[in-house]
Amino acid sequence: KQEVTQIPAALSVPEGENLVLNCSFTDSAIYNLQWFRQDPGKGLTSLLLIQSSQREQTSGRLNASLDKSSGRSTLYIAASQPGDSATYLCAVSPLKGNAGNMLTFGGGTRLMVKP
Amino acid sequence: NAGVTQTPKFRILKIGQSMTLQCTQDMNHNYMYWYRQDPGMGLKLIYYSVGAGITDKGEVPNGYNVSRSTTEDFPLRLELAAPSQTSVYFCASRGTGVTRNQPQHFGDGTRLSIL
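A brief look at the structure comes next. (Residues numbered from 1 in each chain as written. Chains lettered and ligands numbered in written order. Predicted model: local features only at pLDDT ≥ 70, side-chain atom pairs only at ≥ 80, totals over all residues. Heavy atoms only, no water.)

### What to know about the overall build of chain A
When helices and strands are counted, chain A shows zero helices and 11 strands. Starting at the N terminus, the α and β elements of chain A follow one another as β-β-β-β-β-β-β-β-β-β-β. Taken over C-alpha atoms, the radius of gyration comes to 14 Å for chain A, in line with the 13 Å a tight globule of 115 residues would show. Once the C-alpha set of chain A is aligned to its principal axes, its extents read approximately 45 × 30 × 20 Å. For chain A, long-range pairs separated by at least 24 residues make up 55% of all intrachain contacts whose partners lie at least 6 apart in sequence. The averaged location of the 8 negative side-chain charges in chain A is 5 Å from the averaged location of its 10 positive side-chain charges. (Helix = DSSP H or I, 4+ residues; strand = E, 2+ residues; numbered from the N terminus. Rg over C-alpha atoms; globule rule 2.2 N^0.38 Å. Contact = heavy atoms within 4.5 Å. Lys, Arg positive; Asp, Glu negative; His and termini not counted. Charge placed at Lys NZ, Arg CZ, Asp CG, Glu CD.)

### Regarding the interface of chain B and chain A
Listed per partner, the contact involves 23 residues of chain B and 24 residues of chain A. In total, chain B and chain A occlude about 1900 Å² of area from one another, counting both sides; carbon and sulfur atoms represent 50% of this. Inspection of the chain B/chain A interface yields one salt bridge. Lys1(A) serves as the salt-bridge partner of Glu59(B), at 3.1 Å between the closest nitrogen and oxygen. The interface formed by chain B and chain A contains three residue pairs in polar contact (both at pLDDT 80 or more). Counting residues per element, the ones that place at least two in the side of chain B that touches chain A are β4 (31-37), β5 (43-51) and β9 (87-94) of chain B. Residue composition of the side of chain B that touches chain A, by class: 11 nonpolar, seven polar and five charged. (Buried area = accessible area lost by both parts, 1.4 Å probe. Salt bridge = Lys/Arg side-chain N within 4 Å of Asp/Glu carboxyl O. Polar contact = N/O pair within 3.5 Å; in protein donor to acceptor, adjacent residues only side chain to side chain. Nonpolar A, V, L, I, M, F, W, Y, C, P; charged D, E, K, R; others polar.)

### Let's talk about the sheet that holds strand β3 (residues 19-25) of chain B
Residues and elements named next belong to chain B. Pairing is antiparallel across the open sheet formed by four strands, whose spatial order is β1-β3-β8-β7. Only two strands of the sheet have a single partner each, and these edge strands are β1 (4-7) and β7 (64-66). Going across the sheet, the axis of each strand differs from the next one's by a mean of 20°, ignoring polarity. Bridge count between β3 and strand β8 (residues 76-78): three bridges; the pairing is antiparallel. Bridging from a neighbouring strand, Met-19 pairs with Leu-78 of β8. (Pairing = 2+ DSSP bridges. Axes fitted to C-alpha atoms, helices over the stretch in contact; angles between N-to-C directions.)

These figures come from the coordinates and say nothing about function on their own.
Laid out in structure tokens, this is it:
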């Protein structure tokens, strides 16, 4: 059974700092890995989707990498801003037994960027 | 486009009561999902649907039922509510592209308390 882990569970940094969020998964047989942002009281917003054949994806100040063989992904946030404060979740789409294209989620990292 | 719309946003139920959480999407997506998120945890899949008339169980289906009579709507039914079903419920949808690498789109959630 695929398991997804995110460490740390919470992170507090000063504004302007570059930071890295970590995600690990136990089964490398995946279609893709997605990073989501969740604001308090809101749903999830898709940030980046990395296909299994890709090594990284970039969007603005965000860069996500994927090392499928080691079961790891990182989300790099450059020049962090208070508006980046949110919970960040990673999720994988397993290859096996996944006719519904379901996602398996990690527990999330709660990020606070202090002014 | 409204995207994925969930109603109600909040609800308090007594133990043993029943209710239906509504979800509708206007993106003509075939795939729809129901997740629950417990405090500090990631999302767990309850049920999913790959198209009208087709539903299947996810990781935590006990105590829930779903139906999919139209492409747009995917209601989640709780029968005999129990305190363990206190959670935030998210509905999501996903399009059917050329590849399986399509992101899921989420509603804002329904916050349900069972007392």
